[in-house]
Amino acid sequence: MNAGGKFQIIINLTFQNNVNFQKSYLKVDNFRRSVMRVLNRISEIKFAGLLAVIILVASVSGCMSSGSDKNNSSSSPDAEVTLSPDSGKNNSSSSPDAEVTLSPDSGKNNSSSSPDAEVISSAPDGNITFITTGSSFSPIITVTGNPEIQWVFEDGSTSDSASPTIDFGSRGTRVNTLVVTPWSAVTGINIGYDGSDGGVTPGPDTIENLEQQNVIAVTGLENVAPYLQVWASSYNPITALDFSNFTALHTIECFHCTSLATISLRNVPSLTRLCLERCNISYLDLSEAPSLADLRGAAQRSSTYTINWGTTGAHTWHICVGANPDMTGTLPSGQFPIVKDFYVWNGNQSGTLHLSSTDLIRVRANDNRYSVAVLSGCFPAGREGFVEIYNNNLTSLDISNDPGLLHLNASRNSLSQTAIDGVLQTLDSYGTDAGRLDLTGNAAPSITGIAHANNLTARGWKVQTS
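Residues numbered from 1 in each chain as written. Predicted model: local features only at pLDDT ≥ 70, side-chain atom pairs only at ≥ 80, totals over all residues. Heavy atoms only, no water.

1. Some words on the overall build of the chain
Within the chain, the secondary structure is distributed over 4 helices and 32 strands. Looking at the 466 residues of the chain, the share that counts as buried comes to 49%. Pairs at least 24 apart in sequence give 45% of the contacts found in the chain among residues at least 6 apart. When the accessible surface of the chain is summed, it comes to about 20,100 Å², and 49% of that surface belongs to carbon and sulfur atoms. (Helix = DSSP H or I, 4+ residues; strand = E, 2+ residues; numbered from the N terminus. Buried < 20%, exposed > 50% of the residue type's maximum accessible area, 1.4 Å probe, protein only. Contact = heavy atoms within 4.5 Å. Areas by Shrake-Rupley, 256 points an atom, 1.4 Å probe, with all protein chains shown as cover.)

Okay, here's the thing in structure tokens:
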């Protein structure tokens, strides 16, 4: 300790074999790993006064020494940890902040003009941990280049494969860890996928077919946040996922993850496909996913379901959030200018449904409480548009300028005779053939309306009215 009350603690962790350094590092007990995690994150902590650190390291062969100016050759496998109230004797800064250096070369003097703590590490920053409950574990990771892959499984066995298989022999809760050096090589993680709900056909060039791996939790994904592009965990009993700041992530496949209750999607600018069909989500925030194109979020098991769209929607072509009778809030149907498929059946929706996309193909909005539906101009000629909006409270239905609408089921609503006659007249005016129209459960058409219905029937339409 010098005259200013400053001090350094230097811990040299010496391993006999530099080649086996990574394996030894991964196999140490959970306590040492926890300590190293703290050290690796110490840069996030600002110290207001004198720092006192006591580190107990067990089960690691090596030596412990102190000093700030020890010189070691660059080829030494030793690791140095330096903790100092300042940056060392050779640093002009008088800041009381701390610096931590993890390096095979313990003799380097480090200086920093930043008052924050600095972490320099030659070892991987933590790992990704998969907690499983099955009798085996066969994950698949996709990597670029030739990175170093190190799996350490619960039973102590290891693997350097991107698609390892470990058979534990019996079911049980187990902790399995992954370190990839560098983390930037990891572009995909697959623990379950079968191409369900509009996903890509499973294959080596897309997402490989893989049975779910009984993963109940994953930690440490922040290691690949800037790099991961594809995540697949369909059918797994996982309960929570945090993809905050996954800036390269474009695909999330969580089909039928019935235990998944929480998913964080902060700052995901590249996300285009999000499959959460048949999960347990109660709140879904899409406001920081501006590129979202394909949302599959139907049939949640939660008692409530709220979606915060923010301004997202400019690139969205598929929306499926049906079979959610407890969903709160009305979908902002006016902010989807290129939507093709709009599925919100039995979604607790009311008021006005107003879609303006000229790319629209299919609408399934039945079993809600809409009172007005405006679909004018959504179905240009040749489109073969499909609309099911039965069992609502419609008193007004606008299908003007929709010559491509060939299937319309607006039965069981509250459309008056004037409204029914208007629908029949409009469809007749398009001169199209072989469509389907169901207006039962509304007012009966007038003589004029019946005449238009007969014209449609003569052109091969199947028409049903009250």
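2. Overview of the sheet that holds strand β21 (residues 305–308)
Read across the open sheet, the 3 strands follow the order β19-β21-β23; overall the sheet is parallel. Since the sheet does not close on itself, it has two edges, and those belong to β19 (283–285) and β23 (327–328), each with one partner. The pairing of β19 with β21 spans 3 bridges and is classified as parallel. Bridge pairing in β21 places D285 opposite N308. (Pairing = 2+ DSSP bridges.)

3. What to know about the packing of aromatic side chains
Taken as a whole and judged by the stated rule, the model has 9 aromatic pairs. Ring centres 6.0 Å apart and planes at 80° place the aromatic pair F137 and W151 in the edge-to-face group. In this pair, F137 is assigned in strand β6 (residues 136–137) and W151 in strand β8 (residues 148–152), connecting sequence segments 14 residues apart. When its relative accessible area of 0% is taken as the criterion, W151 is described as buried. (Phe/Tyr/Trp six-rings, centres within 6.5 Å; stacked < 30°, edge-to-face > 60°.)

4. Describing the environment of R459
Within the fold, R459 resides in the loop between α4 (447–458) and β32 (462–464). For R459, a relative accessible area of 23% corresponds to the partly exposed category. Along the sequence, R459 and A434 sit 25 residues apart, while their C-alpha atoms lie 6.4 Å from each other. What R459 contacts, discounting residues up to four positions off in sequence, is L427, D428, G431, T432, D433 and A434.

5. With respect to the confidence of the model for the chain
Per-residue pLDDT for the chain has a mean of 81; in total, 73% of the residues score no lower than 70. Here residues 1–124 is modelled with pLDDT under 50, and outside its nearest four sequence neighbours on either side it reaches 198 contacts, counting other chains as well. (pLDDT = per-residue confidence, 0-100.)

6. Brief notes about helix α3 (residues 417–429)
Here α3 is 13 residues long and its end C-alpha atoms lie 18 Å apart, about the 18 Å a rise of 1.5 Å per residue gives. Restricting attention to buried positions, one finds in α3 the residues A419, I420, D421, V423, L424, L427 and D428. If you follow the buried residues of α3, they end up packed against β29 (396–398), β30 (405–409), β31 (436–438), α4 and β32. Where α3 terminates, the next one or two residues include G431, which has phi positive at roughly 70°. (Expected span 1.5 Å × (residues − 1).)

7. Structural notes on the state of the cysteines
One pass over the full model with this rule turns up 0 disulfides. This cysteine, C275, is not joined by any disulfide, and C279 carries the nearest cysteine sulfur, 7.3 Å off. (Disulfide = S-S within 2.5 Å.)

8. Re the pairing of β8
Counting buried residues in β8 gives 4 out of 5 residues, a clear majority hidden from the surface. Alignment of β8 against strand β11 (residues 174–181), held across 5 bridges, turns out to be antiparallel. Opposite W151, over in β11, you have L178 as the bridge partner. Here 2 bridges tie β8 to strand β9 (residues 158–159), and the two strands are oriented antiparallel to one another. Residue W151 lies in a different strand from β9, and its bridge partner there is S159.

9. Some words on the pattern of salt bridges
Applying the stated criterion to the full structure yields 7 salt bridges. Close ionic contact of R362 with D341 constitutes a salt bridge, the shortest N to O distance being 2.9 Å. With R362 in strand β26 (residues 362–364) and D341 in strand β24 (residues 341–343), the pair connects residues that are 21 residues apart, well separated along the chain. (Salt bridge = Lys/Arg side-chain N within 4 Å of Asp/Glu carboxyl O.)

10. Focus: the nonpolar core
Core analysis: the largest hydrophobic core is formed by 86 residues, its most contacted members being W231, L274 and L284. Per-element tally for this core: the top contributor is α3, with 5 residues. The contacts of L284, once residues within four sequence positions are left out, are I263, L265, L274, L276, L295, Y305, T306, I307 and N308. (Core = buried A, V, L, I, M, F, W, Y, C linked by side-chain atoms within 4.5 Å.)

11. As for the environment of P182
Structurally, P182 is set in the loop between β11 and β12 (186–190). Looking at P182, the relative accessible area reads 42%, which means it is partly exposed. A C-alpha to C-alpha distance of 9.4 Å links P182 and N146, two positions 36 residues apart in sequence.

12. Considerations on the sheet that holds strand β25 (residues 350–354)
A sheet is described by the order of its strands in space; here 3 strands give the open sequence β25-β27-β29, paired in parallel fashion. Looking at the sheet topology across the chains shown, the edges are occupied by β25 and β29. Strand-to-strand twist of the sheet, defined as the mean angle between neighbouring strand axes without regard to direction, takes the value 25°. Pairing of strand β27 (residues 369–374) with β29, which is carried by 3 bridges, proceeds in the parallel orientation. Bridge assignment links A373 to a residue of β29, and that residue is L397. (Axes fitted to C-alpha atoms, helices over the stretch in contact; angles between N-to-C directions.)

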